[in-house]
Amino acid sequence: MPADLAPAIRVAHVRKQYGTHAVVQDVSFALAPGETLVLLGPSGCGKTTLLKMLNRLVEPDAGLVEINGRDVRQQPAAALRRGLGYVIQQVGLLPHYTVAENIGVVPRLLGQPEAQVEARTATLLTRLHLPPARYARQYPHQLSGGQQQRVGLARALAADPPIILLDEPFGALDPITRASIRREFRELEELRQKTVVLVTHDVTEAFELADRILLLHQGQVQQLGTPRELLLQPATDFVRRFFAAERLALQLRVFTLADLQPYLQPTAALLPAMDTTVHEALENLTSGAQMQYSFDVAQLMAAFGRAVQDAESAWKL
Ligand SMILES: Nc1ncnc2c1ncn2[C@@H]1O[C@H](COP(=O)(O)OP(=O)(O)OP(=O)(O)O)[C@@H](O)[C@H]1O
């Protein structure tokens with residue numbers, strides 16, 4: 001986290017126990033404003049419990065949670081929650097409210113003027129590819145799962161909270177819809193400036209969305225770091241094994257053209273955006289998109305292989 005920014009969220013030594021089961025054990029992290037943290041780990045490792053401690057849906061047995069520098073216990077739970085966007089896997093739209101009414105719930109609770117609520121709702125629906133003329137007056141049961149998830153996201157963003165908590169927000173979707181909504185999510189201007197904590201058990205999702213990942217196992221932090229650090233510098237054997245099955249797909253997502261540049265010479269003069277991942281570059285090369293690359297798939301993959309090999313042997317030294 002940059003040293004000059006006060007953390008938007010600070011969690012220090014939190015614990016939660018149900019009976020004899022220690023569900024979250026001594027977890028600490030700090031998140032800078034605008035950062036996206038993904039809570040990742042196998043089912044039952046404590047991700048949701050940890051997320052719910054941030055908005056007081058679960059009270060820790062020990063430790064401290066601060067939002068914007070204030071202990072959450074000193075803030076009334078309802079007021080705290082209105083200031084934090086929250087999206088759950090089951091979406092939780094109110095069935096007898098229209099799409100627009102669902103999105104307007106928190107802004108209206110906050111007493112925002114009606115015209116402002118309506119304008120904001122229309123903007124969000126448009127951004128999320130749900131034209132308001134068609135969808136604003138529909139009811140949740142008239143929407144597909146993916147459309148409901150978008151409305152859930154719009155609702156969380158409606159009052160423009162600086163912090164958004166998301167619990168498996170794409171969990172109910174099929175893999176193709178999931179990948180496309182994830183792309184939209186990444187590109188959503190509304191989210192760029194926000195501090196986001198997102199729970200998932202999907203490693204590809206974590207790698208695509210996270211600035212940093214907190215990997216949990218049985219309530220304990222295994223590693224907190226960038227996707228690249230977790231993949232290339234695993235802190236424990238659990239971390240290494242957790243990513244083993246999808247290692248290649250993840251490497252394609254953490255290596256960028258900047259990493260490959262030394263291995264692509266002397267044809268590197270035409271290199272495009274250096275922060276393009278190898279995965280994106282491969283998609284561009286194979287989808288027929290007219291990209292001005294000075295290399296082909298074979299050259300790209302050869303350079304990628306060498307870059308990975310060098311990065312891995314550097315870590316073992
Ligand atoms: N209210 C509760 N009472 C008792 N045990 C609970 C309670 N809430 C959660 N647990 C237990 O705590 C553990 C962690 O649950 P949690 O929902 O935080 O895990 P998770 O990592 O989010 O799992 P998943 O990915 O399956 O949603 C589980 O074993 C769960 O059964």
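Here the structure is a predicted model, which is why all the values come from computation and not from measurement.

A. Layout of the packing of helix 3 (residues 99–109) against helix 4 (residues 114–127). Contact pair helix 3 / helix 4: the axes reach a minimum separation of 9 Å and the direction vectors enclose 125 degrees. The angle between helix 3 and helix 4 falls in the class oblique. Once helix 3 is placed against helix 4, the crossing between them reads as right-handed. Facing Val99, Ala100, Ile103, Gly104, Pro107 and Arg108 of helix 3, the residues of helix 4 in contact are Glu114, Val117, Thr121, Leu124 and Leu125. In terms of residue class, the contact of helix 3 with helix 4 is built from seven nonpolar, two polar and two charged.

B. The sheet that holds strand 10 (residues 220–225), seen in detail. Spatially, six strands are ordered 6-7-8-3-9-10 in an open sheet, and the strand pairing comes out mixed. The sheet is open, and its two edges are formed by strand 6 (84–87) and strand 10, each paired on a single side. Each strand of the sheet is rotated relative to its neighbour by a mean of 15 degrees, with strand direction disregarded. Sheet topology note: the strand 3 (residues 36–40)/strand 8 (residues 195–200) ladder contains five bridges and is parallel. Along strand 8, the bridge assignment pairs leucine 40 with threonine 200.

C. Fine view of the nonpolar core. Membership of the largest hydrophobic core comes to 60 residues, with the highest contact counts inside it found for Phe243, Phe255 and Leu260. For this core, the leading source of residues is helix 15 (residues 297–316), giving six residues. Not counting residues up to four positions away in its chain, the partners in contact with phenylalanine 255 are Arg228, Leu232, Leu260, Thr276, Thr277, Val278, Phe304, Ala307, Val308 and Ala311. Counting 28 residues, the second-largest nonpolar core is a separate cluster that includes Val23, Leu31, Cys45 and Leu50.

D. Spotlight on the confidence of the model for the protein. Mean pLDDT over the protein stands at 87; residues scoring 70 or higher make up 93%. When mean pLDDT is taken per element in the protein, strand 9 (residues 212–217) scores highest with 97 and helix 7 (residues 175–187) scores lowest with 76.

E. Local environment of the layout of surface pockets. Estimated volume of the largest pocket: approximately 780 Å³. In terms of lining residues, the largest pocket is bounded by 26 residues, among which Arg186, Phe207, Glu208, Leu209 and Glu280 are the most central. Classifying every residue of the lining of the largest pocket by side-chain character gives nine nonpolar, six polar and 11 charged. By volume, the second largest pocket amounts to about 400 Å³.

F. Layout of helix 4. With 14 residues, helix 4 should cover 20 Å at 1.5 Å per step; its first-to-last C-alpha distance of 20 Å lies within 8% of that length. Those residues of helix 4 that fall on the buried side of the exposure criterion are Val117, Arg120, Thr121, Leu124 and Leu125. Looking straight down helix 4, one finds its buried side chains confined to an arc of 130 degrees; they lie on one side. At the C-terminal side of helix 4, histidine 129 shows a positive phi close to 60 degrees.

G. Main features of the packing of helix 3 against helix 6 (residues 145–157). In contact at an axis separation of 7 Å, helix 3 and helix 6 are set at 30 degrees when each is read in the N-to-C sense. Viewed along their axes, helix 3 and helix 6 adopt a mutual orientation that is roughly parallel. In this structure, the crossing between helix 3 and helix 6 has a hand that is right-handed. Facing helix 3, whose interface residues are Val99, Asn102 and Ile103, helix 6 presents Val151, Ala154 and Arg155.

H. A look at helix 11 (residues 237–244). Turning to helix 11, its buried residues are Phe238, Val239 and Phe243. Looking straight down helix 11, one finds its buried side chains confined to an arc of 120 degrees; they lie on one side. The inward-facing, buried residues of helix 11 contact strand 3, helix 9 (203–209), strand 9, strand 10, helix 10 (227–232) and helix 12 (247–254).

I. Representation of the site of the ligand within the structure. Looking at the ligand, the residues that line it are Tyr18, His21, Val23, Pro42, Ser43, Gly44, Cys45, Gly46, Lys47, Thr48 and Thr49. Separating an oxygen atom of the ligand from a side-chain N or O atom of serine 43 is a distance of 2.6 Å. At 2.8 Å from an oxygen atom of the ligand is found a main-chain nitrogen or oxygen belonging to glycine 44. Here the ligand has 640 Å² of accessible area as a free molecule, and 57% of this is covered by the chains. Among the elements that take part in the shell around the ligand, helix 1 (residues 47–54) stands out by supplying three residues, more than any other.

J. Here's a closer look at the pattern of salt bridges. This model, assessed by the stated rule, comprises 13 salt bridges. The residue aspartate 237 makes a salt bridge to arginine 240 at a minimum N-O spacing of 2.8 Å. One end of the pair is aspartate 237 and the other is arginine 240, both in helix 11 and three residues apart, which spans about a single turn. Overlapping salt bridges bring together Arg120, Asp160 and Lys194 as one network.

What counts and how
- Residues numbered from 1 in each chain as written.
- Predicted model: local features only at pLDDT ≥ 70, side-chain atom pairs only at ≥ 80, totals over all residues.
- Heavy atoms only, no water.
- Axes fitted to C-alpha atoms, helices over the stretch in contact; angles between N-to-C directions.
- Helix = DSSP H or I, 4+ residues; strand = E, 2+ residues; numbered from the N terminus.
- Parallel < 35°, antiparallel > 145°, perpendicular 65-115°, else oblique.
- Left-handed = near helix turned anticlockwise from the far one by under 90°.
- Contact = heavy atoms within 4.5 Å.
- Nonpolar A, V, L, I, M, F, W, Y, C, P; charged D, E, K, R; others polar.
- Pairing = 2+ DSSP bridges.
- Core = buried A, V, L, I, M, F, W, Y, C linked by side-chain atoms within 4.5 Å.
- Buried < 20%, exposed > 50% of the residue type's maximum accessible area, 1.4 Å probe, protein only.
- pLDDT = per-residue confidence, 0-100.
- 1 Å grid on protein atoms, 1.4 Å probe; cavity = no way out; pocket = protein on both sides within 12 Å on 5 of 7 lines; lining within 4 Å.
- Points joined across faces, edges and corners; volume = space filled by probe spheres on them.
- Expected span 1.5 Å × (residues − 1).
- Arc of directions from axis to C-beta.
- Near = heavy atom within 4 Å.
- Polar contact = N/O pair within 3.5 Å; in protein donor to acceptor, adjacent residues only side chain to side chain.
- Areas by Shrake-Rupley, 256 points an atom, 1.4 Å probe, with all protein chains shown as cover.
- Salt bridge = Lys/Arg side-chain N within 4 Å of Asp/Glu carboxyl O.

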